[in-house]
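Each chain is listed here by its residues.
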Amino acid sequence: MRYQYWVEGQARFTEVRAVFEEQADVLVVGLGTAGAVAAWCAAARGLSVLGVERSTGMGGQGGMSGVVDYYYGTRGGAAEEINARCQALIAAGAYTPSRLPKATEESLPPALKCRCLEEAALEAGARIWYDAQILGVYLEKNRVVGARCVHGDAVVQVGCRVLIPGMELPIGLLTSIIGAPCFIYLMVRKRYGFGGAE
């Protein structure tokens, strides 16, 4: 098994015999809008899911940062269930509606979106680690089979069948670590300035 990680702007690797302290069918790295929904939907389909998030909540730009005019991009699917959960809490008086007289998808309070995303994921059985991040990935024959994560004060090896990078920076970082070509990686590398020659 190979452990690949990022050091001083370079992807490095070493051969290892990893012992996974945690296991998940699906490991989601980054619980922004896309990662949060991926974790929730995978858990709702009966898969064991672990979501790893650097910040203190789910939702990314559509929730944590208070961007109220961005939320999933298109109508339908999972977004409608989260919107319905938010509307129900507002109607029950459990949350103060936002600036518009009638709370619409665009005006749902960001903190409420985060709450509803988290509740949906937890109810479906997903586990969530906040204030956590990955340090590198484990590969067998160029297939990701796990990741090394920092969670609290511990470094934990997590085995997985599928790893989903849930936001653009992990996608770029992960593709650079494993050496996979990825258009998004090139965009991220340009935007954040990491990586080697073209």
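Residues numbered from 1 in each chain as written. Predicted model: local features only at pLDDT ≥ 70, side-chain atom pairs only at ≥ 80, totals over all residues. Heavy atoms only, no water.

Caption draft 1: Inspection of the pairing of strand β2 (residues 10–15) at higher detail. Inspection of the sheet shows strand β1 (residues 2–7) paired to β2 by 6 bridges, in the antiparallel sense. Across the sheet, Val7 pairs through a bridge with Gln10, a residue of β2. Connecting β1 to the next strand, β2, in antiparallel fashion are 2 residues, including Glu8 with a positive phi near 50°. (Pairing = 2+ DSSP bridges. Helix = DSSP H or I, 4+ residues; strand = E, 2+ residues; numbered from the N terminus.)

Caption draft 2: Structural view of the packing of aromatic side chains. This model, assessed by the stated rule, comprises 3 aromatic pairs. Between Tyr3 and Tyr5, the ring centres sit 5.2 Å apart and the planes meet at 20°, which makes this aromatic pair stacked. We classify Tyr5 as partly exposed; its relative accessible area is 24%. Aromatic pair Phe20 and Tyr138: ring centres 5.4 Å apart, planes at 80°, arrangement edge-to-face. Residue Phe20 is found in the loop between β2 and β3 (22–29), and its partner Tyr138 is found in strand β6 (residues 132–140); the two are separated by 118 residues along the sequence. Put simply, the rings of Tyr3, Tyr5, Phe20 and Tyr138 touch in pairs and so form one group of aromatic residues. Lying across the ring of Phe13, Arg2 places its NZ or CZ 5.9 Å from the centre. (Phe/Tyr/Trp six-rings, centres within 6.5 Å; stacked < 30°, edge-to-face > 60°. Buried < 20%, exposed > 50% of the residue type's maximum accessible area, 1.4 Å probe, protein only. Lys NZ or Arg CZ within 6 Å of the ring centre and 35° of its normal.)

Caption draft 3: Spotlight on the pairing of β3. Burial analysis of β3 places 6 of its 8 residues in the buried class, which makes it a mostly covered element. Relative to strand β8 (residues 154–165), β3 runs parallel, the two sharing 7 bridges. Residue Val26 lies in a different strand from β8, and its bridge partner there is Val162. As paired strands, β3 and strand β4 (residues 49–52) are joined by 4 bridges and run parallel to one another. Considered in β4, the bridge of Val26 is made with Val49. For the handedness criterion, the β-α-β arrangement of β3, helix α1 (residues 33–44) and β4 is classed as right-handed. (Right-handed = clockwise from strand over helix to strand, strands pointing away.)

Caption draft 4: Structural context of the sheet that holds β4. Pairing is mixed in the open sheet, where 8 strands are placed in the order β2-β1-β6-β7-β8-β3-β4-β5. Every other strand in the sheet has two partners, leaving β2 and β5 (127–129) as the edge strands with one partner each. Taking each pair of neighbouring strands and ignoring which way they run, the sheet shows an average axis angle of 40°. (Axes fitted to C-alpha atoms, helices over the stretch in contact; angles between N-to-C directions.)

Caption draft 5: Geometry of the nonpolar core. Val49, Met58 and Ile82 are the most contacted members of the largest nonpolar core, which has 23 residues in total. Among the secondary structure elements, those contributing two or more residues to this core are β3, α1, α2 (78–91) and α3 (110–124). Counting 17 residues, the second-largest nonpolar core is a separate cluster that includes Val29, Ala132, Val137 and Cys149. (Core = buried A, V, L, I, M, F, W, Y, C linked by side-chain atoms within 4.5 Å.)

Caption draft 6: Layout of the environment of Tyr95. Inspection of the secondary structure assignment puts Tyr95 in the loop between α2 and α3. For Tyr95, a relative accessible area of 27% corresponds to the partly exposed category. In this structure, the C-alpha to C-alpha distance between Tyr95 and Leu112, residues 17 residues apart in sequence, is 7.6 Å. In this structure Tyr95 touches Leu89, Ile90, Pro109, Ala111 and Leu112, once residues within four positions along its chain are discounted. (Contact = heavy atoms within 4.5 Å.)

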